[in-house]
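For reference, the chains in residue letters:
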Amino acid sequence: MIGEYSLAEMMVVQAAREIAGSGNAFVGMGLPMLATALAKFAHDPGLIYSTEVGVGDWDPPLAEVDHAPSGIGDPILDRCAAYAGDMVDALGAWLMGGRIDVAVLTGAEIDRHGNLNTLLIGDPAAPDARFPGTGGNTDAACLAPRVITIMSLEPRRFVERVSFLASPGYIDGAGARRAAGLDPQGRNLVISTMGVFAFDTADGGETGTCEMQLVKTFPDVGADVVQALIPWPLRIAENIAECARPGEEELRLLRHLDPRSFYLRPGRY
Amino acid sequence: MSLTLPPAPERRPRASKLMSAREAVERFVHDGDSVFLGYTSWANALEWEIARQRKQRLAVVATVGSILLPLLGCADRIITAYALGGLSPWFRERLAAGEWKIEDYTNQSIAMMFMAGALGIPFIPTRAMLGSDYVSDAFYPQPNGFLGQDKLRLMESPFGGEKVVALPALRPDVSCVHVQWADEEGNAAFWGGHGEVRWGLWASKRIIISADEIVPASVLRSDPHRVTVPGFMVDAVVHMPFGALPWALPGYYGTSAKLQVDYLVGLRSEAGFGEQVQRWIDGCADHDAFLRMFEERYGAGALDALRADRTWEPERPIRYGWRAAQ
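Worth saying up front: this structure is predicted, and the values here are computed from it rather than measured.

J.: So what's going on with the overall build of chain A? Which residues, and what values?
T.: The helix and strand inventory of chain A stands at 7 helices and 15 strands. Over its C-alpha atoms chain A spans a radius of gyration of 17 Å, differing by no more than 12% from the 18 Å that the globule rule assigns to 269 residues. By principal-axis analysis of the C-alpha atoms, chain A measures approximately 45 × 45 × 40 Å. Within chain A, the proportion of its 269 residues that are buried is 54%. If you take every contact in chain A between residues at least 6 apart in sequence, the share linking residues at least 24 apart comes to 66%.

J.: Which residues make up the nonpolar core, and what are the values?
T.: All names here are of chain A. With 179 residues, the main nonpolar core has Val-12, Ala-35 and Leu-38 as its most contacted residues. Among the elements that line this core, the one with the most residues is helix α2 (residues 31-43), at 9 residues. Not counting chain neighbours up to four residues away, the residues in contact with Val-12 comprise Leu-31, Leu-34, Ala-35, Leu-38 and Leu-254.

J.: Explain the environment of Met-87 of chain A to me, and be specific about the residues and the numbers.
T.: Tracing the sequence through the fold places Met-87 of chain A in helix α3 (residues 87-96). Separated by 89 residues in the primary sequence, Met-87 of chain A and Ala-176 of chain A place their C-alpha atoms 28 Å from one another. Beyond its immediate sequence surroundings of up to four residues, Met-87 of chain A is in contact with Glu-52, Val-53 and Gly-54 of chain A together with Thr-63, Asn-107, Gln-108, Ala-111, Gly-195 and Glu-196 of chain B.

J.: Could you give me a rundown of helix α10 (residues 287-298) of chain B, with the residues and numbers involved?
T.: All names here are of chain B. With 12 residues, α10 extends 16 Å between its outermost C-alpha atoms, agreeing within 8% with the 16 Å of an ideal straight helix rising 1.5 Å per residue. Turning to α10, its buried residues are His-287, Phe-290 and Phe-294. Buried residues in α10, looked at end-on, bunch into an arc of 45°, giving them a common side. In α10, the exposed residues that point more than 90 degrees away from the buried face are Asp-288, Ala-289, Arg-292 and Glu-296. The inward-facing, buried residues of α10 abut α1 (21-28), α2 (44-52) and α9 (270-282). Just past α10, the residue Gly-299 takes up positive phi, approximately 105°.

J.: Go over the interface of chain B and chain A with me, naming the residues and quoting the values.
T.: If you look at the interface, chain B gives 45 residues, while chain A gives 43 residues. Looking at the side of chain B that touches chain A, the elements with two or more residues in it are β3 (75-84), α4 (89-96), α5 (107-119) and α6 (197-203) of chain B. Here the residues of the side of chain B that touches chain A sort into 22 nonpolar, 15 polar and 8 charged.

J.: Tell me about the confidence of the model for chain B, and please be specific about residues and values.
T.: For chain B, per-residue confidence averages 94 on the pLDDT scale, and residues scoring 70 or more make up 99% of the total. On the interface metric, ipTM, the complex scores 0.96, and its pTM is 0.96.

J.: Describe the sheet that holds strand β7 (residues 163-168) of chain B, with residues and values.
T.: Residues and elements named next belong to chain B. Ordered in space as β5-β7-β6, the 3 strands form an open sheet in which the pairing is antiparallel. Of all strands in the sheet, those with a lone pairing partner are β5 (123-126) and β6 (153-156), marking the two edges. When strand polarity is set aside, the average angle formed by the axes of neighbouring strands in this sheet is 40°. Note: β6 against β7, 4 bridges, orientation antiparallel. Note that in β7 the partner of Glu-156 across the bridge is Lys-163. Its contacts with the sheet put α5 on β5 and β7, and the angle it makes with β5 is roughly 145°.

J.: Go over the environment of Glu-109 of chain A with me, naming the residues and quoting the values.
T.: Residue and element names in this part refer to chain A. The residue Glu-109 is located in strand β6 (residues 109-111) in this model. Residue Glu-109 is classed as buried on the basis of its 23 C-beta neighbours within 10 Å. Considered as a pair, Glu-109 and Val-162 are 53 residues apart in the sequence and their alpha carbons are 6.3 Å apart. Here Glu-109 is in contact with Leu-116, Asn-117, Arg-157, Val-159 and Val-162, once residues within four sequence places are set aside.

J.: Account for the packing of helix α8 (residues 257-266) of chain B against α9 of chain B, with residues named and values stated.
T.: Residue and element names in this part refer to chain B. Contact geometry for α8 and α9: axes closest at 7 Å, N-to-C directions at 130°. By the angle between their axes, α8 is oblique relative to α9. Here Asp-262, Tyr-263, Val-265 and Gly-266 of α8 come into contact with α9, specifically with Gly-272, Phe-273, Glu-275, Gln-276 and Trp-280. By residue class, the composition of the contact of α8 with α9 is 4 nonpolar, 3 polar and 2 charged.

J.: Give me the lowdown on the sheet that holds strand β5 (residues 102-105) of chain A, citing residues and values where you can.
T.: Residue and element names in this part refer to chain A. The strand order across the open sheet built from 8 strands is β2-β1-β5-β10-β12-β13-β14-β15, with neighbouring strands paired in mixed fashion. Two strands bound the open sheet, and with one partner strand each, they are β2 (48-50) and β15 (235-242). On average, each strand axis in the sheet is tilted by 25° relative to the strand beside it, whichever way the strands run. Where strand β1 (residues 24-27) meets β5, 3 bridges bridge the pair, whose relative direction is parallel. Residue pairing for β5: Ala-25 is matched across the bridge by Val-102.

J.: Explain α9 of chain B to me, using residue names and the numbers behind them.
T.: Two residues of an α-helix separated by three or four positions point the same way, owing to the 3.6 residues in each turn. Residues and elements named next belong to chain B. Taking 1.5 Å of rise per residue, the 13 residues of α9 would be expected to cover 18 Å, yet its terminal C-alpha atoms sit only 16 Å apart, more than 12% below that figure. Burial in α9 covers these residues: Phe-273, Val-277 and Trp-280. Looking at the buried residues of α9, the elements they touch are α2, α3 (68-71), α8 and α10.

J.: Tell me about the environment of Ile-48 of chain A, and please be specific about residues and values.
T.: Residue and element names in this part refer to chain A. Structurally, the position occupied by Ile-48 is in strand β2. Of the residues examined, Ile-48 has 22 C-beta atoms within 10 Å and is grouped as buried. Expressed as a C-alpha distance, the spacing of Ile-48 and Asn-24, which sit 24 residues apart in the sequence, is 4.6 Å. If near-sequence neighbours (up to four positions away) are discounted, Ile-48 is found in contact with Gly-23, Asn-24, Ala-25 and Asp-57.

J.: Explain the pairing of strand β10 (residues 206-214) of chain B residue by residue, including any values.
T.: All names here are of chain B. Note that strand β8 (residues 174-182) and β10 share 8 bridges and pair parallel. Counterpart to Val-177 in the pairing with β10 is Ile-209. When β10 meets strand β11 (residues 236-239), the two strands line up parallel, connected through 4 bridges. Across the sheet, Ser-210 pairs through a bridge with Val-238, a residue of β11.

The rules behind the values
- Residues numbered from 1 in each chain as written.
- Chains lettered and ligands numbered in written order.
- Predicted model: local features only at pLDDT ≥ 70, side-chain atom pairs only at ≥ 80, totals over all residues.
- Helix = DSSP H or I, 4+ residues; strand = E, 2+ residues; numbered from the N terminus.
- Rg over C-alpha atoms; globule rule 2.2 N^0.38 Å.
- Buried ≥ 20, exposed ≤ 12 C-beta atoms within 10 Å, placed from the backbone.
- Contact = placed C-beta atoms within 7 Å.
- Core = buried A, V, L, I, M, F, W, Y, C linked by C-beta atoms within 7 Å.
- Expected span 1.5 Å × (residues − 1).
- Arc of directions from axis to C-beta.
- Nonpolar A, V, L, I, M, F, W, Y, C, P; charged D, E, K, R; others polar.
- pLDDT = per-residue confidence, 0-100.
- Pairing = 2+ DSSP bridges.
- Axes fitted to C-alpha atoms, helices over the stretch in contact; angles between N-to-C directions.
- Parallel < 35°, antiparallel > 145°, perpendicular 65-115°, else oblique.

What follows is the structure in structure tokens.
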């Protein structure tokens, strides 16, 4: 804990600030469900909150919401939704059909070019670790015009190159998305427990190094601390901003939305 | 003259498909079948009946795939985007040992493969997975897989030349899905996030529906837009209150955290797994026995304590109707 809040809480609070104002959000499993709910209730009531099971524009009054959706199958998502359909609707028509503005995701690993790993670590034939799988994470990373990733900054998670590229970011640099048959994507962000990263490309991955670049740090966290946790020479923006500490109302709402620390229990995120 | 029609008349139902879970699984799940179990409408009770009968050489097919049947030796193949309980070290060890094969896809690709299966077309293109290792040399064909190059193909659109991933149609031999309401004819209504449920059902050659309530045939005939799958596509209907546990059923009950902890944590080790299987599956003759065991273990009233307590009904019922012939 730093003062009155944890770094994980700071991560979700900052993620909510970054998600606010982004329009039609595709909300992935895990921390994105909490952070996007906070964005909606703390900052941007008009934010559109849709999930892969087919719920479109979940928009309940805060007074009724005793917890952020605990997963894509949580029946609370039916409350005041504009639409309840299926995965072909959400991952097909909305995401692939171009109706989504941003996908909010997480993963097990992220690398220098913003690629995510959700499946396995090591040799695919004999993996050292295997995660449950990618769900709709890969679909969103391929097809959304913009991705915001929320991920705890730990050396095991931030790696120079993901051992399995489940969900493409900029793949291996400029032009790679287009070469693979994907559209450009950006401005992508990564919100961690220490700060916020953008990517060094002005045109969604067509040019630039497309490498992760530190653009904001959290209070009491220096860029040197961030670099120490990242195993490649990190690009650091010239004018790094410092994020504001969580406000009382942000923290109150966050804790209201995660009343039993389902999301923010240490070891879970 | 304006006429408000009375509630749909009691109909003489078509032949009843209502039967016990034991009979439904005996008749419609065969050794070697591919079995679709939908996640958001998880037929957990039917899955446990398949486990009780120790069906063999099954393939588990779903976006969220249970690892119960592989661990129990009932399934030797998995097609999934998310192996529920896949963090189990014991599961990974046995996967590495080659005891079963797995093909990893994404939620969208599995839903679309079902769609192709339901539509009777041989394949369907998508742009998901482009640029990922799912289509890379490292993973295609997938080590530990069983589909080889039939898993997917990279191709160019014959119209504009755009890169796409061609996915094969998927037609499960049988699907098991739990819903709120079904009638004896097999008409079934599920409300809640549908995931891939509709397309998985519609792609299946045989369908077993379990339902928390069996409703009169007139109920769904009065509101056909509510129906997820019509009875003429369904083979068996089983009445199973709390049949989704430990998962939630919208409007009916929430998840059972206690059973989830016992059961899902139990999957993590061979000893824990054996204990869970003995208690809930082999130790219970059927679903009713499971419900009694649930209250025996978690206390009298434990089932009632799960009932949904934040509920609502549509603010305004819809009205169907036509203009009488002039």
